[in-house]
Amino acid sequence: MKDNAVVTFDFMIGFTIFIISFILVAAMIPHTLFSVQSSRIDFDAVAYRTGVILTEDPGMPASPVFPVWEQVSDPGDVIRIGLAVEQGSANILSKGKVDRFFEGGFFTYPDDHRRALLFGDYPYSCNVTLTMMDDHSIRSVGPPPPDLYGTVRRVVVVKEPSYLIVDGLVHSEFLVVENETPNQRFSVEVTMDQLLDRSVDPVFSIDPRTDLLQIEIRNFGEYLNVSAPHATLVQIIISRAGVPITYSAYSLWLDGEPATLPGELTDSLFFTLSPVPEPPWRSTDAIGITFVFDDDPPASLMTGTHLYDYQNATLPDPDKAILEVAVW
Amino acid sequence: MAGMNDNGQWIVLMGFLISIALLFLMVIINQATLVGQTTAEGVLEFPKYEIRDLRTEVIRSFREDTLNSALYQDIRVLSLKRNHAIVSLGSSPMEGLDATMVTIRFNNGVTVYEETLLV
Amino acid sequence: MVGDGASLYTIEGLAAGLLMIATAAIVLQSISVYTPGDTHIDDMLLEQLGADALAVLDLPVEPDGRTQLEVLLHNGDDGSAFHEAFYPLLRMRSFAPDDPVQYAASISFRDGDEGVVVVPYTSAASHTGAAPYTGRDPAIRVSRWVHLQAWHGLPPPIPNRDQMALLEVILWRG
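Residues numbered from 1 in each chain as written. Chains lettered and ligands numbered in written order. Predicted model: local features only at pLDDT ≥ 70, side-chain atom pairs only at ≥ 80, totals over all residues. Heavy atoms only, no water.

**Q** Would you mind going over the overall build of chain A in detail, with residue names and values included?
**A** In terms of regular secondary structure, chain A is built from five helices and 18 strands. What you see for chain A is a C-alpha radius of gyration of 30 Å, clearly larger than the 20 Å of a compact globule of 328 residues, by over 25%. Looking at chain A residue by residue over its 328 residues, the buried ones come to 49%. The long-range fraction of contacts in chain A, counting pairs at least 24 apart against all pairs at least 6 apart in sequence, stands at 77%. When the accessible surface of chain A is totalled, it reaches about 15600 Å², and 55% of it is carbon and sulfur. Computed over 20 positive and 44 negative side-chain charges, the inter-centroid distance for chain A is 11 Å. (Helix = DSSP H or I, 4+ residues; strand = E, 2+ residues; numbered from the N terminus. Rg over C-alpha atoms; globule rule 2.2 N^0.38 Å. Buried < 20%, exposed > 50% of the residue type's maximum accessible area, 1.4 Å probe, protein only. Contact = heavy atoms within 4.5 Å. Areas by Shrake-Rupley, 256 points an atom, 1.4 Å probe, with all protein chains shown as cover. Lys, Arg positive; Asp, Glu negative; His and termini not counted. Charge placed at Lys NZ, Arg CZ, Asp CG, Glu CD.)

**Q** Give me the lowdown on the packing of aromatic side chains, citing residues and values where you can.
**A** Overall, the coordinates contain 20 aromatic pairs over all chains when judged by the stated rule. For the ring pair F86(C) and Y103(C), a centre distance of 5.2 Å and an interplane angle of 85° mean the geometry is edge-to-face. With F86(C) in helix α4 (residues 80-91) and Y103(C) in strand β1 (residues 101-111), the pair connects residues that are 17 residues apart, well separated along the chain. Judged on exposure class, the residue F86(C) and its partner Y103(C) are both buried. Aromatic rings pair up to connect W69(A), F101(A), F102(A), F106(A) and F107(A) into one cluster. (Phe/Tyr/Trp six-rings, centres within 6.5 Å; stacked < 30°, edge-to-face > 60°.)

**Q** How would you explain helix α3 (residues 69-82) of chain B if you had to name every residue and give the values?
**A** Between its first and last C-alpha, α3(B) extends 19 Å over 14 residues, near the 20 Å set by a 1.5 Å rise per residue. For α3(B), the set of buried residues is L71(B), Q73(B), D74(B), I75(B), V77(B), L78(B) and S79(B). The secondary structure elements touched by the buried residues of α3(B) are α2 (48-63) and β1 (86-93) of chain B together with β1, β2 (115-123), β3 (140-148) and β4 (163-173) of chain C. Between the side-chain oxygen of the N-cap and the backbone nitrogen of A70(B) there are 3.2 Å, and the N-cap of α3(B) in question is N68(B). Looking at the residues trailing α3(B), positive phi occurs at H84(B), about 50°. (Expected span 1.5 Å × (residues − 1). Polar contact = N/O pair within 3.5 Å; in protein donor to acceptor, adjacent residues only side chain to side chain.)

**Q** Please provide a residue-by-residue account of the side chain of K159(A), values included.
**A** All names here are of chain A. The topology assignment puts K159 in strand β6 (residues 150-159). Buried K159, no salt bridge; nearest opposite-charge side chain is D211, N-O distance 4.4 Å. A polar side-chain atom of K159 sits 3.2 Å from the main-chain carbonyl oxygen of P202. Beyond its immediate chain neighbours, meaning those up to four positions away, K159 contacts V85, I92, L93, S94, K95, P202, V203, F204, S205, D211, L315 and P318. (Salt bridge = Lys/Arg side-chain N within 4 Å of Asp/Glu carboxyl O.)

**Q** Quick one: what's the story with the interface of chain C and chain B, residue by residue and with numbers?
**A** At the interface, 43 residues of chain C touch 38 residues of chain B. Roughly 3600 Å² is buried in total at the junction of chain C and chain B, and carbon and sulfur atoms are behind 59% of that figure. Here R110(C) and D74(B) are joined by a salt bridge, their closest N and O atoms 2.6 Å apart. Here chain C and chain B share 16 residue pairs in polar contact (both at pLDDT 80 or more) between them. Contributing elements (two or more residues each) for the side of chain C that touches chain B: α1 (7-29), α2 (41-57), β1, β2, β3 and β4 of chain C. (Buried area = accessible area lost by both parts, 1.4 Å probe.)

**Q** Describe the confidence of the model for chain B, and please don't skip the residues or the numbers.
**A** Within chain B, residue pLDDT values average 82, and 89% of them lie at 70 or more. The lowest-confidence element of chain B is helix α1 (residues 9-45) of chain B, averaging 77 in pLDDT; the highest-confidence one is strand β2 (residues 100-107) of chain B, averaging 90. (pLDDT = per-residue confidence, 0-100.)

**Q** A description of the packing of α2(C) against α4(C) should follow, citing residues and the corresponding values.
**A** Residues and elements named next belong to chain C. Relative orientation of the contacting elements α2 and α4 amounts to 140°, with a least axis distance of 9 Å. Judged by the angle between their axes, α2 and α4 are oblique. For α2 against α4, the interelement crossing comes out right-handed. Contact residues: L49, G50, A53, L54 and L57 in α2; F82, A85, F86, L89 and L90 in α4. For the contact of α2 with α4, the residue count by class is nine nonpolar, one polar and no charged. (Axes fitted to C-alpha atoms, helices over the stretch in contact; angles between N-to-C directions. Parallel < 35°, antiparallel > 145°, perpendicular 65-115°, else oblique. Left-handed = near helix turned anticlockwise from the far one by under 90°. Nonpolar A, V, L, I, M, F, W, Y, C, P; charged D, E, K, R; others polar.)

**Q** Describe the environment of S94(A), naming the residues involved and giving the relevant values.
**A** All names here are of chain A. Relative to the helices and strands, S94 is located in strand β3 (residues 92-94). A sequence separation of 23 residues divides S94 from Q71, and the C-alpha atoms of the two residues are 13 Å apart. With residues near it in sequence (within four places) discarded, S94 still touches E70, L83, A84, V85 and K159. Within the structure, S94 has its side chain in polar contact with the backbone nitrogen of K97 (distance 3.2 Å).

**Q** Now, about the UniProt feature "transmembrane region" (unreviewed entry) in chain B: what can you tell me, with residues and values included?
**A** In this structure's numbering, the residues bearing the UniProt feature "transmembrane region" (unreviewed entry) are residues 12-29 of chain B. Across residues 12-29 of chain B one finds 100% helix and 0% strand; the C-alpha atoms that close the span lie 26 Å apart. (UniProt positions renumbered as here; feature names shortened; annotations may be inferred.)

**Q** Give me the lowdown on the domain arrangement of chain A, citing residues and values where you can.
**A** All names here are of chain A. The assigned domain composition of chain A is domain 1 (37-159 + 317-327) and domain 2 (162-308). Here domain 1 and domain 2 have C-alpha centroids that lie 35 Å from each other. Domain 1 puts twelve residues into the contact, and the matching count from domain 2 is twelve residues. Roughly 860 Å² is buried in total at the junction of domain 1 and domain 2, and carbon and sulfur atoms are behind 66% of that figure. Summed over the three residues of domain 1 that lose the most area to domain 2, namely V65, Q71 and K159, the buried surface amounts to 47% of that side. On inspection of domain 1 and its partner domain 2, the count reaches zero salt bridges. Linking domain 1 with domain 2 are three residue pairs in polar contact (both at pLDDT 80 or more), by the criterion used here. (Domains from an automatic or database assignment.)

**Q** An account of empty space enclosed by the protein is requested, with residue identities and associated values reported.
**A** Tallied over the entire structure, the rule returns two cavities of 30 Å³ or more. E50(B), L54(B), S79(B), N83(B), V87(B), F106(B) and W145(C) together form the lining of the largest cavity. For the lining of the largest cavity, the residue count by class is four nonpolar, two polar and one charged. Here the second largest cavity is characterised by a volume of approximately 30 Å³. Taken together, E57(B), R60(B), S61(B), E64(B), T66(B) and H147(C) make up the full set of residues lining the second largest cavity. Here the element with the most residues in the lining of the second largest cavity is α2(B); it accounts for three residues. Its residues assigned to classes, the lining of the second largest cavity comprises no nonpolar, three polar and three charged. (1 Å grid on protein atoms, 1.4 Å probe; cavity = no way out; pocket = protein on both sides within 12 Å on 5 of 7 lines; lining within 4 Å. Points joined across faces, edges and corners; volume = space filled by probe spheres on them.)

**Q** Can you tell me about the pairing of strand β4 (residues 126-132) of chain A, naming the residues and giving the values?
**A** Residues and elements named next belong to chain A. Most of β4 sits inside the fold, with seven of its seven residues counted as buried. With seven bridges joining them, β4 and strand β18 (residues 319-327) adopt antiparallel strand pairing. Paired with V128 across the strands is V325, a residue of β18. Summarising the sheet, β4 and strand β5 (residues 138-141) pair through four bridges and their orientation is antiparallel. Residue V128 lies in a different strand from β5, and its bridge partner there is V141. With antiparallel pairing between neighbouring strands as the criterion, β4 and β5 make up a hairpin whose turn holds five residues, including H136 at a positive phi of roughly 60°. (Pairing = 2+ DSSP bridges.)

Shown next as structure tokens:
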């Protein structure tokens, strides 16, 4: 027998091996090149995801001690940066979160943003811009995007904290009745169970555990004893269910200037109660804030208790804004 | 190979290489655009806003006690004819509680959503 | 005995055939060529934007009150108040000057037991003088439920009864 055909078996085996390995390699390509797939589409998808996290998620702190992430002091304790007011309140952003997110110095770009906002193994860069509709002011994080980037645009509203106004010209019910000795105390009561009513729309809800409470006394001169040039605020008592507690997370402005106790005032008082981690109040408590004035001489004629509830407190109209996310 | 003129082997080899490279590129591009396709379709086909909107309206009308059979018929017919989705609402008062158990069902053939909640 | 002189030619032909079939198979598998424009990314972003804008307009303006959208529909808006509120939300950008998004809105309501009537409401074209929708550009549609009271001020044929109507908006880039 001739051995002419031996080479063909050789060829067939070699060719088979080649074809098999070719098929294997071809099947593996999509996986090995996963990260170099058409980048624009990938950037758009990541930008979409980032937009959803920012506008529809309230974010998440590392420890359940903090009700919301904007209260943590270490950016490393923020697992996810979301700007929404609460779960299920898409498109409604919290002013506190927005301030924290855009203020320089808290989050470090790009490390914190990659870890808690963009996610993924690929080191994406991002630029987040918030443009207010009313005054066209722009706040932004991250460098300007290069030529090729993925983008998404979301329409949102930014919800401002509530405030309670006591106006000397309007609220005469807090004036001491004639022939009565003024007790030099004026209280504001915050009833938690009323504020936390779940049927209130998230645009209007006030939660003292996570939101700022602001109290402003205007035209204080109307409450001033005619003979006294000014009143002296000596103490602010903060109480939970009637029992005074130690609570120092507040700020005080008297007559338009930041002030400490005791302080003199003639015209206005502005008081801000900030939320703290592990809030001392439970959902059924009443928070009492009592302003105590010096009674020697009894300069203030203010008395009584005002309620911080949905009837008396005012919420500024939420501002519409455009949130634009660019990812590359 | 047998009886073959073996001039120009480099040209043949290069031709092979280039054609294989072209094949690779084709496979990659094909896969890459598919990724964008599925992402976009996933979002477009998922009626997130429709469900959210319906949910808000239903909860609000139960809370304000404004839902009647005519409004329900409006929701049902308009959903079916305009949004191509079957919507079904149910409610039952809770014994001993000042609340109503509301069931919302939504089905547009791609997404099925069902929720039971207390209003 | 069969001559095996030509066996190499045969196998060569077989190999070439295999190669061609394999190539054809792979080509056929990936014959559906997508260009990025076909992948609906832009549609997705446009839908997102439109739905967002409607959702923001449909936020209540005061506690237990009606929404901005419902207020302007009840006030018998001819479309200009809606245009003023809705259009900037679609167009405004911070990186680039403007996004050329156009819209056309209509309201549909139930007529009889199972009938549905769609009434054109307003469009960008009627306020800005832009070209109306031609059907050429890829467009997407978003919708929003509106609770209309019997005293709503919208023109006929929308009946004056307590009803749920659907505000539908077509969006495209023009």
